[in-house]
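# Notes for the structure review
Chain by chain, the residues:
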Amino acid sequence: MTSMHEMSTVLRFCNLAIETATEQKARGVEEIVVEVGEMTDILPAYLYKYYPAATKGTILEGSTLTVEKVPVKAECADCGTVFHPDREHDYKCPACGGVRAHVLAGRSVNLREVRVIKS
Amino acid sequence: MRDQVRILEVKKTILEDNDADAAVLKEHLKEEGTFYINVMSSPGAGKTSTLLKVTGILQEDLKVGVMEADIDSDVDAVTMEEHGIPSVQLHTCGMCHLDADMSRQGLRLIGSQNFDVIFLENVGNLVCPAEFDTGAHMNLVILSVPEGDDKPLKYPLMFEKADAVVINKIDAAPAFDFSLDRVQKHIHARHAGIPIFPVSARTGEGIEALAEFIFREYISYEGGCGK
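Residues numbered from 1 in each chain as written. Chains lettered and ligands numbered in written order. Predicted model: local features only at pLDDT ≥ 70, side-chain atom pairs only at ≥ 80, totals over all residues.

## Points about unusual backbone geometry
Residue and element names in this part refer to chain A. For Lys25, which is not glycine, the phi torsion reads 50 degrees and is therefore positive. Note on placement: Lys25 falls in the loop between helix H1 (2-23) and strand S1 (28-37). With 9 C-beta atoms packed within 10 Å, Lys25 lands in the exposed category. (Helix = DSSP H or I, 4+ residues; strand = E, 2+ residues; numbered from the N terminus. Buried ≥ 20, exposed ≤ 12 C-beta atoms within 10 Å, placed from the backbone.)

## Overview of the nonpolar core
In terms of nonpolar packing, the biggest core is built from 63 residues, with Ile37, Val117, Ile118, Leu120, Val141, Val165 and Ile167 of chain B touching the most fellow members. At six residues, helix H8 (residues 207-225) of chain B tops the list of elements feeding residues into this core. Each residue touching Val117 of chain B, except ones within four places of it in the same chain, is listed here: Phe35, Ile37, Leu58, Leu62, Val64 and Tyr218 of chain B. Ranked by size, the runner-up nonpolar core spans 24 residues in total, among them Cys14, Ala54, Val109 and Val116 of chain A. (Core = buried A, V, L, I, M, F, W, Y, C linked by C-beta atoms within 7 Å. Contact = placed C-beta atoms within 7 Å.)

## Some points on helix H3 (residues 75-82) of chain B
Residue and element names in this part refer to chain B. Listed in full, the buried residues belonging to H3 are Asp76, Ala77 and Met80. Mapping the buried residues of H3 onto a view down its axis gives an arc of 100 degrees, with all of them on the same face. What points out from H3, more than 90 degrees from its buried face, is the exposed set Val75, Val78 and Glu82. Against the buried residues of H3 lie helix H2 (47-58), strand S3 (64-70), strand S4 (87-91) and strand S5 (117-121). Positive backbone phi, approximately 75 degrees, marks Gly84, located one or two places after H3. (Arc of directions from axis to C-beta.)

Bear in mind that shape data such as this cannot, by itself, settle questions of function.
Here is the structure:
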C-alpha cells in the first residue's frame, strides 16, 4: 500500500517542479527541495527510491531530490498554546489538557524550492 | 555565458490541485442539488452491506446512487445493481485512494444531476483516502467491532476528517473486547462532538437511526442549495 501512495506523491511534486522550471525557461534543474509533514504517512526513503524513475525523460532527470521533515505543530482551541502533539500527552494540549486543536503545520507535502540552471 | 543556478521559491503544497478540484466539484454538486457522501473504512468493515441497508430506507423518499471505488473487480457494483440500486464501478488502477479528479469522472459517469444523494464507497483503507478531498459534503467513516476500539488512535487523520462515525457489527460485540465508551472517547478526542452510530448491517440494528441522520443532513443541505 505504501509504495503506491508514495509514487502518487512523487508524481505530484515532480509535475509542480516541471511546471516551475518550464515557466522559468530553465535549461535544467540541479535540485528540488520537498518538505514532508510528520503527519502525512509519507516515507522519505520511498520518495528517494522512486525519484529517478519519475523524472526520467523530463527536465528533472539527473537532479537531486532533498527531503526535509516538518514537525507537527498544533494550536489549542481552548487556550491558544502552540504545541507538538505527542503520545506522552495522548495528543492533548500539554498546558490545559484540551482535545480540540488546529493543526498549523506538518500535515502536507510541499515543494519548497527548485534550483534551476539558466544559461 | 556561464550557467547560473537560480533558487526558485515555490512553496506549493502538492495537494493544492486536488483541493482546488474538490472545491469546484463541491460547488457544482450544490448547483445540481446533489448531496455527496464519501464513505471510508478499512477492508471488510461492512461498507457495502451497510450502504445496502441504509440505501434501502433512503430510497423510499430520495433518488440514491452509489459509486463503488476499488483497485479492481466489480463485485460491489454488481451487488448494488442486484438490489436495484443504481451504481457505477470505478477502478483506481492500483492506487490506494480516490482523488477529486477520479471522483468527478465517476459523478459524470453515474449522472449526478439525476440523484438526490450519492454515496462514494471509497477504497478500503484507513490511511490514504483521508488525505485526499473527494469533493464530498460529508465524510462518513465506518469502523467495525472486530477491528478494535483503539483504531481512532492508530489512524487519527481518518477520524479527524470524519463528520460521523458508524460502528458496525455491534451484534458481534460480546465476542470481542470492544468498548463503546472507549471508542467514543477516542473518536471524540480526534473530532469533538461528532455523531456516532452503533449498527449491525446484518441484523439491521441501528440502521434506521443512521438513515434518519443522513436524511436530515440531506434536507438541511438541500435547504442551503436554493433548489
